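The residues making up each chain are set out below.
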Number of protein chains: 2
Amino acid sequence: MDDLWYSEYHTKSVRFSIQIRQQLHFEKSNYQTISVFDSVEFGRFLTLDGVMMLTEHDEFIYHEMIVHPAMAVNPEIKSVLVIGAGDGGVAREIAKYSQIENVDLIEIDERVIEVCKEYLPKTACGFEDPRVHVRIQDGLKFVRRIENTYDLIIVDSTDPFGPGEVLFTKEFYGHCFHALKENGILINQHESPFYPEDARAASSAHRCISQVFPVSEVFQAHIPTYPSGHWLFGFASKKLHPTANLQDEHWNQLGIETRYYNTQLHRGAFCLPNYVKEILNHA
Amino acid sequence: MDDLWYSEYHTKSVRFSIQIRQQLHFEKSNYQTISVFDSVEFGRFLTLDGVMMLTEHDEFIYHEMIVHPAMAVNPEIKSVLVIGAGDGGVAREIAKYSQIENVDLIEIDERVIEVCKEYLPKTACGFEDPRVHVRIQDGLKFVRRIENTYDLIIVDSTDPFGPGEVLFTKEFYGHCFHALKENGILINQHESPFYPEDARAASSAHRCISQVFPVSEVFQAHIPTYPSGHWLFGFASKKLHPTANLQDEHWNQLGIETRYYNTQLHRGAFCLPNYVKEILNHA
């Protein structure tokens with residue numbers, strides 16, 4: 001085996017490196033560079049502009065935690081808008097619910113979808129469900145034309161630099177608010193509280209969302225391949241509270257198989273460390 | 001600045017690297033190599049045998065989580081045995097409680113204590129409290145002579161390889177059981193559930209502890225500089241349950257300042273992901 005290593009700078013002075021068996025794919029799309037690698041420790045993984053998006057071995061954590069909390073709070077969710085998520089992992093988790101009628105998945109870069117279909121079939125299988133409708137479009141442009149349409153919006157964005165930047169603005173969250181129905185929930189990947197630059201992004205996102213949504217809470221998960229391993233998600237809504245309105249029993253009766261998520265962990269994930277609460281409260 | 005990097009292999013094919021301003025100390029003690037580095041991102045940090053023990057920037061998470069959960073469950077804890085913990089961080093957190101009468105701290109390697117006193121005063125300040133009594137001794141040898149003496153034992157060990165190995169055996173946990181009083185609690189650092197080798201250590205520790213203690217639970221924390229960032233701790237006891245017996249109100253009235261721990265997070269930390277529960281249940 002070649003002595004080949006993929007490295008990612010979590011900060012300018014912290015580097016995370018993974019030994020690679022082989023680079024399976026590389027291209028420059030109209031929006032970003034797209035690579036797929038095969039690694040010993042994490043299986044295959046996808047990078048966009050040199051940043052790891054998902055690995056076969058820990059993507060289940062991210063995808064379960066960005067989907068199931070909202071579904072367990074409102075069992076009436078039927079229509080979902082997913083922004084980003086070109087790997088199909090979010091769609092795969094949503095498709096586990098029989099009551100779902102429609103999933104609109106808006107991805108700006110068609111090449112991400114095609115590459116994931118070819119190299120990451122365990123996540124891209126989410127596209128196979130007939131209820132999932134893919135539109136290749138700018139997420140901000142799409143959502144600003146919509147009103148009172150979706151029960152749930154999931155923002156599975158890249159970091160707030162490059163193509164993903166607009167998905168962290170107050171303007172965008174305002175459009176999401178209007179695109180949601182009365183019981184609507186917005187879930188977004190919310191960066192990390194640990195390294196200062198990531199923490200500033202988390203703080204800024206929380207400030208913008210809190211200005212738009214009456215309910216705005218943050219929850220956490222352990223995602224080993226993301227910077228610091230400590231990742232946040234936002235749960236914002238017009239009415240429903242992420243723990244007060246949790247339908248534990250109903251969700252448990254559904255018998256949905258998960259490897260990370262459960263309804264006890266759901267409650268636990270909203271119990272944040274003091275330093276994280278401080279970052280968010282001083283947003 | 002020299003382009004100097006400290007690297008640690010979290011597995012054979014996963015490497016975590018930190019840029020270093022300067023190596024402040026290096027020695028070979030009778031037990032292990034001891035280094036202290038100054039880094040841009042994490043401040044100063046200590047390594048033993050090439051493994052990071054603590055950094056100035058995230059040690060608060062580890063030390064708060066290994067001390068406060070037990071203290072919040074039993075406000076009557078007066079006498080504590082700490083095994084390992086030569087950096088002083090555990091002693092510092094315990095010393096925040098006025099009811100504590102005696103802390104016996106058993107460290108096998110005197111040089112760790114001396115080096116921490118010189119280079120890591122923010123953690124080593126724990127040794128200054130007059131209730132803390134340091135004994136340079138083998139933890140296993142010390143604890144096996146003791147009966148019905150301590151309210152709390154904290155095992156702040158290195159990984160289960162090298163000098164720390166005996167602190168992960170059923171024999172050792174059995175001696176801890178006998179050294180504890182009727183309401184006694186044992187807390188130990190419990191490795192990580194994510195990478196397979198760490199998960200095997202966590203599984204094995206849980207199996208051994210569960211064979212000895214009637215109550216044996218596991219809780220988690222986000223510790224960015226430890227492998228995968230997902231770290232476990234064990235809470236074992238003769239009687240008291242970590243959440244059913246949690247004295248939330250009492251602890252909150254103490255006004256103890258923490259940056260990670262709070263009593264809501266305490267409950268949340270015991271809500272484990274499914275895959276972690278599986279590792280522990282099949283121990």
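Since the structure is predicted, the reported quantities are computational estimates derived from the model, not experimental observations.

Analysis parameters
Residues numbered from 1 in each chain as written. Chains lettered and ligands numbered in written order. Predicted model: local features only at pLDDT ≥ 70, side-chain atom pairs only at ≥ 80, totals over all residues. Heavy atoms only, no water. Helix = DSSP H or I, 4+ residues; strand = E, 2+ residues; numbered from the N terminus. Rg over C-alpha atoms; globule rule 2.2 N^0.38 Å. Buried < 20%, exposed > 50% of the residue type's maximum accessible area, 1.4 Å probe, protein only. Contact = heavy atoms within 4.5 Å. Buried area = accessible area lost by both parts, 1.4 Å probe. Salt bridge = Lys/Arg side-chain N within 4 Å of Asp/Glu carboxyl O. Polar contact = N/O pair within 3.5 Å; in protein donor to acceptor, adjacent residues only side chain to side chain. Nonpolar A, V, L, I, M, F, W, Y, C, P; charged D, E, K, R; others polar. Pairing = 2+ DSSP bridges. Least-squares fit on C-alpha atoms with pLDDT ≥ 70 in both. Axes fitted to C-alpha atoms, helices over the stretch in contact; angles between N-to-C directions. UniProt positions renumbered as here; feature names shortened; annotations may be inferred. 1 Å grid on protein atoms, 1.4 Å probe; cavity = no way out; pocket = protein on both sides within 12 Å on 5 of 7 lines; lining within 4 Å. Points joined across faces, edges and corners; volume = space filled by probe spheres on them. Phe/Tyr/Trp six-rings, centres within 6.5 Å; stacked < 30°, edge-to-face > 60°. Lys NZ or Arg CZ within 6 Å of the ring centre and 35° of its normal. Domains from an automatic or database assignment.

### Comments concerning the overall build of chain A
Helix and strand content of chain A: 10 helices and 12 strands. Taken over C-alpha atoms, the radius of gyration comes to 18 Å for chain A, in line with the 19 Å a tight globule of 283 residues would show. For chain A, the spread of C-alpha atoms along the three principal axes comes to 55 × 45 × 35 Å. For chain A, the proportion of its 283 residues judged to be buried stands at 64%. Here the analysis covers contacts within chain A between residues at least 6 apart in sequence; of these, 66% occur between residues at least 24 apart.

### Some details on the interface of chain B and chain A
Contacts between the two partners involve 42 residues from chain B, matched on the other side by 42 residues from chain A. Note on chain B versus chain A: buried area summed over both sides is about 3,400 Å², and carbon and sulfur give 59% of it. Together, Ser13, Arg15 and His222 of chain B form the three largest contributors to the area buried by chain B at its contact with chain A, with a combined 19%. Between the two partners, chain B and chain A, sit zero salt bridges. At the surface where chain B touches chain A, the tally comes to 23 residue pairs in polar contact (both at pLDDT 80 or more). Elements that contribute at least two residues to the side of chain B that touches chain A include exactly β1 (4-11), β2 (14-28), α1 (59-73), β11 (215-222), α9 (263-269) and α10 (274-281) of chain B. Residues belonging to the side of chain B that touches chain A are distributed by class as follows: 21 nonpolar, 15 polar and six charged. Examined bridge by bridge, strand β2 (residues 14-28) of chain A and β2 of chain B share five bridges and lie antiparallel to one another. The residue of β2 of chain B that forms the bridge with Ile18 of chain A is Val14 of chain B.

### Regarding the relation of the copies chain B and chain A
Rotating chain B by 180° about the axis while translating it 0.0 Å along that axis superimposes it on chain A, leaving an RMSD of 0.0 Å. With respect to symmetry, the two chain copies, as superposed, fit the operation of a two-fold axis. Identified as the residue of chain B closest to the rotation axis by C-alpha distance is Gly268 of chain B, at 1.8 Å. Both copies share a contact surface, since 100% of the interface residues of chain B are interface residues in chain A too.

### As for the sheet that holds strand β6 (residues 79-84) of chain A
All names here are of chain A. The mixed open sheet is built from seven strands, whose spatial order is β8-β7-β6-β9-β10-β12-β11. The open sheet has two edge strands, β8 (132-136) and β11 (215-222), and neither has a second partner. Going across the sheet, the axis of each strand differs from the next one's by a mean of 15°, ignoring polarity. Against the sheet, helix α1 (residues 59-73) touches β9 (150-156), β10 (180-189), β11 and β12 (230-237), its axis set at about 160° to β9. The strands that helix α6 (residues 170-179) touches are β6, β9 and β10; relative to β10, the one it contacts most, it runs at about 145°.

### With respect to the UniProt feature "domain: PABS" (unreviewed entry) in chain A
Taking the numbering used here, the UniProt-annotated feature "domain: PABS" (unreviewed entry) corresponds to residues 3-238 of chain A. For the annotated span residues 3-238 of chain A, helix accounts for 28% and strand for 39% of the residues, and the straight-line distance between the end C-alpha atoms is 52 Å.

### Considering the UniProt feature "active site" (unreviewed entry) in chain A
Residues and elements named next belong to chain A. The feature "active site" (unreviewed entry), as given by UniProt, occupies Asp156 in the numbering adopted here. Structurally, the position occupied by Asp156 is in strand β9. According to the relative accessible area criterion, Asp156 is buried, its value standing at 9%. Non-local contacts of Asp156, meaning those with residues more than four positions away in its chain, are made with Tyr62, His63, Ile66, Ile83, Gly84, Ala85, Asp87 and Val90.

### Some thoughts on empty space enclosed by the protein
Summed over all chains, the structure comprises three cavities of 30 Å³ or more. Taken as a whole, the largest cavity spans an internal volume of roughly 160 Å³. Surrounding the largest cavity, 17 residues form its lining, Gln220 and Gly268 of chain A together with Gln220, His222 and Gly268 of chain B being those nearest its centre. Looking at the lining of the largest cavity, the elements that each hand over two or more residues are β11 and α9 (263-269) of chain A together with β11 and α9 of chain B. A per-class count over the lining of the largest cavity returns 11 nonpolar, six polar and no charged. Of the pockets and cavities examined, the second largest cavity occupies roughly 100 Å³. Lining the second largest cavity are 16 residues, and of these Phe16, Pro224 and Ser228 of chain A together with Phe16 and Pro224 of chain B lie nearest its centre.

### Observations regarding the packing of aromatic side chains
Enumeration over the complete set of coordinates arrives at 38 aromatic pairs over all chains. Ring plane angle 50° and centroid distance 5.5 Å describe the contact between Tyr62 of chain A and Phe233 of chain A, whose orientation is recorded as tilted. Here Tyr62 of chain A is found in helix α1, whereas its partner Phe233 of chain A is found in strand β12, with 171 residues between them in sequence. One exposure class covers both Tyr62 of chain A and Phe233 of chain A, and it is buried. Arranged with centres 4.8 Å apart and planes meeting at 35°, the rings of Phe219 of chain A and Phe270 of chain A form a pair that is tilted. Within this pair, whereas Phe219 of chain A is found in strand β11, its partner Phe270 of chain A is found in the loop between α9 and α10 (274-281), the two being separated by 51 residues in sequence. The pair Phe219 of chain A / Phe270 of chain A is uniform in exposure class, with both members buried. Over the ring of Trp5 of chain B we find Arg15 of chain A, and its NZ or CZ is 4.3 Å from the ring centre. The ring of Phe177 of chain B carries the charged tip of Lys238 of chain B above its face, separated from the ring centre by 4.3 Å.

### A few points about the domain arrangement of chain A
All names here are of chain A. You can read the domains of chain A as domain 1 (4-55) and domain 2 (59-281). Inter-centroid distance (C-alpha atoms) of domain 1 to domain 2 is 23 Å. Each partner contributes residues to the interface: domain 1 has 21 residues there, and domain 2 has 21 residues. Summing both sides of the interface, domain 1 and domain 2 together bury roughly 2,000 Å²; the carbon and sulfur share of this comes to 67%. Per-residue buried area on domain 1 facing domain 2 is highest for His10, Tyr31 and Leu54; these three make up 28% of the total on that side. Applying the counting criterion to the domain 1 and domain 2 interface returns one salt bridge. When the shortest N-O distance is used, the salt bridge between Glu27 and Arg111 registers 2.8 Å. Counting the contacts that link domain 1 with domain 2 gives seven residue pairs in polar contact (both at pLDDT 80 or more). When contributions to the side of domain 1 that touches domain 2 are tallied by element, the ones reaching two or more residues are β1 (4-11), β2, β3 (33-39), β4 (43-48) and β5 (51-55). Of the residues belonging to the side of domain 1 that touches domain 2, the class tally is 13 nonpolar, six polar and two charged.

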